[in-house]
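# Descriptive analysis of the structure
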Amino acid sequence: MIYNTLDNTDISISEFGFGASPLGNIFNNPISDNEAQRCIKTAIDNGINYFDVAPYYGNGLAEKRLATLLGKESKKIILSTKVGRYGKNKFDFSTNKIDESIHHSLKLFSREHLDIVFCHDIEFVDSKTILETALPHLIKLKKKGMIQAIGISGYPLDILYNIAKQFPIDLILSYSQYTLINQSLKTYQKKFQKLGINSINASPFDMGLLTQHNCPTWHPASNALQKKIKILANNYHKKGISLEKVAFQYTLSYKQALSHLIGIGSHQELEQCINWYKTPLDSFQKNNIKTIINELN
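The sections below set out a description of the structure shown in this document.

So, how was this worked out
- Residues numbered from 1 in each chain as written.
- Predicted model: local features only at pLDDT ≥ 70, side-chain atom pairs only at ≥ 80, totals over all residues.
- Heavy atoms only, no water.
- Helix = DSSP H or I, 4+ residues; strand = E, 2+ residues; numbered from the N terminus.
- Rg over C-alpha atoms; globule rule 2.2 N^0.38 Å.
- Buried < 20%, exposed > 50% of the residue type's maximum accessible area, 1.4 Å probe, protein only.
- Contact = heavy atoms within 4.5 Å.
- Lys, Arg positive; Asp, Glu negative; His and termini not counted.
- Charge placed at Lys NZ, Arg CZ, Asp CG, Glu CD.
- Axes fitted to C-alpha atoms, helices over the stretch in contact; angles between N-to-C directions.
- Parallel < 35°, antiparallel > 145°, perpendicular 65-115°, else oblique.
- Nonpolar A, V, L, I, M, F, W, Y, C, P; charged D, E, K, R; others polar.
- Phe/Tyr/Trp six-rings, centres within 6.5 Å; stacked < 30°, edge-to-face > 60°.
- Lys NZ or Arg CZ within 6 Å of the ring centre and 35° of its normal.
- Salt bridge = Lys/Arg side-chain N within 4 Å of Asp/Glu carboxyl O.

## A look at the overall build of the protein
Counting its regular elements, the protein contains 10 helices and 12 strands. Taking 297 residues into account, the globule formula puts the C-alpha radius of gyration at 19 Å, and the protein, at 18 Å, falls close to it. By its C-alpha atoms, the protein is 55 × 40 × 35 Å across when sized along the principal axes. Of all 297 residues assigned to the protein, the portion counted as buried reaches 55%. Sequence separation of at least 24 residues holds for 75% of the intrachain contacts in the protein that already meet a minimum separation of 6. Taking the average place of the 34 positive charges on the side chains of the protein and the average place of its 26 negative ones, the gap between the two points comes to 3 Å.

## What about the packing of helix α8 (residues 243-252) against helix α10 (residues 283-296)?
Direction vectors running N to C along α8 and α10 enclose 100 degrees, while the axes themselves pass 10 Å from each other. Compared by their axis directions, α8 and α10 come out roughly perpendicular. Contacts from L243, K245, V246, Q249 and Y250 of α8 reach α10 at Q285, I289, I292 and I293. The residue inventory of the contact of α8 with α10, partitioned by class, reads six nonpolar, two polar and one charged.

## Digging into the packing of aromatic side chains
Considering all chains together, one arrives at 13 aromatic pairs under this definition. The interplanar angle of 10 degrees and the centroid separation of 5.1 Å between the aromatic rings of Y178 and Y250 together place this pair among those described as stacked. Linking Y178 in the loop between β10 (171-175) and α6 (184-194) with Y250 in helix α8, this pair joins segments that are 72 residues apart in sequence. Exposure class is identical for Y178 and Y250. Each is buried. Aromatic ring contacts, followed pair by pair, group F16, F205, F248, W276 and Y277 into a single cluster. Over the ring of Y86 we find K97, and its NZ or CZ is 4.6 Å from the ring centre. Its end group placed over the ring of Y188, K191 keeps NZ or CZ at 4.6 Å from the ring centre.

## Structural notes on the pattern of salt bridges
When the charged atoms of two side chains with opposite charge come close together, those side chains can pair. With the rule as written, the count across this model stands at nine salt bridges. In this structure, D52 engages K82 in a salt bridge whose closest nitrogen and oxygen atoms are separated by 2.7 Å. A residue pair is termed long-range when its members are at least 10 positions apart, and D52 in strand β4 (residues 50-52) and K82 in strand β5 (residues 78-83) qualify at 30 residues. D52 gets classed as buried once you look at its relative accessible area, which sits at 4%. With a closest N to O distance of 3.1 Å, E100 and K97 form a salt bridge. Separated by three residues within a single helix, E100 and K97 lie in helix α3 (residues 95-108), roughly one turn from each other.

## Quick notes on the packing of helix α2 (residues 61-70) against α3
Packed helices, taken two at a time, are described by the angle between their axes plus the distance between the axes. Interaxial distance between α2 and α3 falls to 9 Å at its minimum, and their mutual angle equals 30 degrees. One finds that α2 runs roughly parallel with respect to α3. Packed against α2, whose contacting residues are E63, K64 and A67, the element α3 presents H104, S105 and L108 at the interface. Classifying every residue of the contact of α2 with α3 gives two nonpolar, two polar and two charged.

Have a look at this one:
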């Protein structure tokens, strides 16, 4: 496993990160506690030390389950969680709510500090709230030793960059921005680097879109695009080529991001991803990637 160090810290993060949102049962196939426990053990045994979660995932379920299932292992991993979003349309970046959320997370994971805390999905609130309330308060908590690094998360890179230009943060987390469908993160990477900010890329499968069976009903992609991907996946499947494998290997081949977070929904999926991670890309696979990107874009 390759590990990357977050600038200006001693935090070393596995480039293959464990996205714990599926523990909130937000995708098509719920995951049992027993299987989730197997996933966590297998991940740690294979060198994955970075786990990401949020109170929003499953209305607190994912964070609670991850904390319970990690148990004493919690202190051995690099953990990121989030503040500010607590429901589909429920956002609260007030100082009181941030304090409540941070203390809740610390208690859940039985920790004295959190490694990384993100302001969650900042595009849905006024930037002024993030710049003048949320981030300054997280800085105070960081100075108290309750947090080691702070960041912002969301989908639109332009909004993340605009905030990052105005406030000294450690890193940004975006999702679905370096996939077979969308490579926008590469365009912004140098901009973030000039600001001294690291990036974490989540969701190489574009929230299930680039899978055959686990695209959730709530996915925002158009019906036309979903149909196109389904046909493409079926065609490649007949040739013995897995769209999921191509999607995973393409994203993980991008080395500019600090880590790539993959939502782990089953032990079988995790084992597949670990095997794909350990398998270097050959010329045949690289040609498949080029062909699929051309077909999708």
